[in-house]
Amino acid sequence: MKMSEMWTTMGSTLASFMFLWTIMRQYCPYGVQRFFEKYTHRITSYFYPYVRISFHEYMGDRLKRSEAYAAVEAYLSANTSKSAKRLKAEMGKDSSNLVLTMDEYERVTDDYEGIKVWWVSSKVMSATRSPMSYYPEQEKRFYKLTFHNKYRDMITESYLEHVMREGKEIRLRNRQRKLYTNSPGYKWPSYKQTMWSHIVFEHPATFDTMAMEPEKKREIIEDLVTFSKSKDFYARIGKAWKRGYLLYGPPGTGKSTMIAAMANLLAYDVYDLELTAVKDNTELRKLLIETTSKSIIVIEDIDCSLDLTGQRKKKGDKLSDDENEKDVVGRKEVKEEGGSGSKVTLSGLLNFIDGIWSACGGERLIVFTTNYVEKLDPALIRRGRMDKHIQLSYCTFDGFKVLANNYLKLETHPLFDTIKRLVGEVKITPADVAENLMPKSPLDDPHKCLSNLIEALEEASKTQELRQSSPIKEEHEEILQQNGTIKENGDLPGDKPIHQCQRWLVNDT
Ligand SMILES: Nc1ncnc2c1ncn2[C@@H]1O[C@H](COP(=O)(O)OP(=O)(O)OP(=O)(O)O)[C@@H](O)[C@H]1O
Ligand SMILES: [Mg+2]
């Protein structure tokens, strides 16, 4: 038989079959139709040994986009956009890059451990809607996965899990990251679903631009990366997947910058928790429960946020039989509630870190920063709560080289030797070095900027020598502490009372 004859015969057989099927649907009783449908389906599945799974964008009420669809979309966009011939391009969420996904009705092949599967992106118009329907007729998009029946177990168990996991990870990586804050004094209306307000998090800091010893930097990066990959480990040892970091050091040594670098390294969101704006422990709990996975919860200047600096047990405070030390601290703080109006107590904070915190699972870092680590209650910073203590200190020569590279694109310069000697002798913060390296006019070349820094270092060296030879500062501090000026200022309403006072002592005397 010739090829053309064969096609003609097949075409006419199909046409007759379709005709018969139409007649039957119109005139046969429902039971007969079902009978034929069932057997036709069995016969076709015998000859067509493939299985299909659909992932619809919206299920049921159309209000919430299906997570599975979104994960498949992300997976296919990353894994198959190279092989697809027809793609559609959309602006990424931060409007900085184009995201390519398969166009409608495009078909791509994926390979999973030697098994071939096919993905098709498709759409149908939603069924005829009622005239009263609020929503206009809409397209219903879906992805269809086809694979051979003999791989059914492998695909439904292992491949789909792989697609979902990778898809979710890609979505998390590509999402627009956010910086959340709890605004001070804001009354949360009951209809508002979240207590956090947010903006897009776009901080340029990275560990590459951080001025600190390379060894220390490497250690911190390794610690963070290990944490982010330890989901199974934490599950195995029965510990919540969280890690506490305490960053301490003088003002301007890069604590806040490091938090931004951490968030950028791990692609986490940042929750900047202003404790003084939190009404009480209940509100604190609500805020913290609302935080999402893959995030850093930051409490800056913890020494100023609460009265966590006092001794755990004051003279005259006796423990009753059923009271522990934490309760006493809490009681004391409620009593001594400062002008900030916050009733958050140390015990509330500790309970959160140990209890609720552990229950809400997920991948979270909690970072405290302080300028005065020695003033913090040991209970707050013991290992297990604050697992890693990182000291950020004055600028070293290694730190300076990073800043010189960042600001002036210099790796070496004849003036480096002088600077090396001076930073070894003088305490200068990376913030001050950075400020001095900034060109002050368009005419300032690298040589001029380095000379400015040398000048500043020499100036600081003279001041330091003067301070060492004069007992004025110590006297000042003693008097202030004796008459309680530091404490009283600390109790005044305001942003960073104790902190500011202490800064003044350190910087301006
Ligand atoms: N280690 C560092 N590496 C790079 N830049 C730094 C470093 N430390 C400080 N800087 C620069 O100084 C500025 C101030 O630093 P940052 O706000 O991180 O200090 P901080 O330790 O958080 O201070 P504070 O205790 O007052 O909050 C930053 O914007 C940054 O440009
Ligand atoms: Mg800071």
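Named according to an unreviewed UniProt entry, the chain is AAA+ ATPase domain-containing protein originating from Psophocarpus tetragonolobus. For the record of the chain, the UniProt heading Sequence similarities (unreviewed entry) holds the text "Belongs to the AAA ATPase family. BCS1 subfamily." Here is the UniProt Cofactor (unreviewed entry) comment for the chain, exactly as written: "Mg(2+)".

Time to look at the sheet that holds strand β12 (residues 364-370). As summarised here, the arrangement of the 7 strands in space is β8-β7-β10-β11-β12-β9-β13, forming an open sheet in which the pairing is mixed. Lying at the two open borders of the sheet, with one neighbouring strand each, are β8 (197-200) and β13 (388-391). With direction set aside, neighbouring strand axes in the sheet form an average angle of 20°. Here strand β9 (residues 242-248) pairs with β13 via 4 bridges, running parallel. The residue bridging Y245 from the neighbouring strand is K388, located in β13.

Right, let's talk about the environment of L247 for a bit. The topology assignment puts L247 in strand β9. For L247, a relative accessible area of 0% translates into the label buried. L247 sits 12 residues away from I259 along the chain, and the two C-alpha atoms are 9.0 Å apart. Leaving out residues up to four positions away in the same chain, L247 has contacts with K255, M258, I259, M262, V367, F368, T369, T370, I390 and L392.

A separate point is the nonpolar core. Considering soluble globular proteins, one finds that nonpolar side chains tend to be buried as a cluster. L273, L275, L284, I302, L349, F368 and L380 are the most contacted members of the largest nonpolar core, which totals 29 residues. Where this core is concerned, the elements lending two or more residues are β9, α8 (281-289), β11 (295-299), α11 (346-359), β12 and α12 (378-381). With 5 residues, the top contributor of residues to this core is α11. Discounting residues that sit within four places of it in the chain, L273 has contacts with N182, W196, V278, L284, L287, L288, V298 and I299. M212, L224, Y234 and A260 belong to the second-largest nonpolar core, a separate cluster that totals 27 residues.

The subject of this paragraph is the environment of I381. Among the secondary structure elements, I381 is positioned in helix α12. The spatial distance from the C-alpha of I381 to the C-alpha of G244 is 8.8 Å, given a sequence separation of 137 residues.

Overall, the coordinates contain 1 cavity of 30 Å³ or more when judged by the stated rule. Space inside the largest cavity adds up to approximately 70 Å³. Lining of the largest cavity is provided by Y69, E73, K88, M102, E104, S121, S122, R141, F142 and Y143. Elements that contribute at least two residues to the lining of the largest cavity include exactly α3 (67-79), β5 (115-125) and β6 (139-148). For the lining of the largest cavity, the element with the highest residue contribution is β6, accounting for 3 residues. The residue makeup of the lining of the largest cavity, split by class, is 4 nonpolar, 2 polar and 4 charged.

The tally for this structure, following the rule as stated, stands at 11 salt bridges. Residues E161 and R165 are paired through a salt bridge, measuring 3.5 Å at the closest nitrogen-oxygen approach. Highlighted residues: E161 and R165, both in helix α4 (residues 152-174), separated by 4 residues, approximately one helical turn. Residue R175 pairs with D269 through a salt bridge whose shortest N-O separation is 3.3 Å. Linking R175 in the loop between α4 and β7 (178-181) with D269 in strand β10 (residues 269-272), this pair joins segments that are 94 residues apart in sequence. Note on D269: relative accessible area 5%, which makes it buried. Among the ionic contacts, a cluster of salt bridges with common partners joins E57, E104, K123 and R141.

About the criteria used
Residues numbered from 1 in each chain as written. Chains lettered and ligands numbered in written order. Predicted model: local features only at pLDDT ≥ 70, side-chain atom pairs only at ≥ 80, totals over all residues. Heavy atoms only, no water. UniProt positions renumbered as here; feature names shortened; annotations may be inferred. Pairing = 2+ DSSP bridges. Helix = DSSP H or I, 4+ residues; strand = E, 2+ residues; numbered from the N terminus. Axes fitted to C-alpha atoms, helices over the stretch in contact; angles between N-to-C directions. Buried < 20%, exposed > 50% of the residue type's maximum accessible area, 1.4 Å probe, protein only. Contact = heavy atoms within 4.5 Å. Core = buried A, V, L, I, M, F, W, Y, C linked by side-chain atoms within 4.5 Å. 1 Å grid on protein atoms, 1.4 Å probe; cavity = no way out; pocket = protein on both sides within 12 Å on 5 of 7 lines; lining within 4 Å. Points joined across faces, edges and corners; volume = space filled by probe spheres on them. Nonpolar A, V, L, I, M, F, W, Y, C, P; charged D, E, K, R; others polar. Salt bridge = Lys/Arg side-chain N within 4 Å of Asp/Glu carboxyl O.

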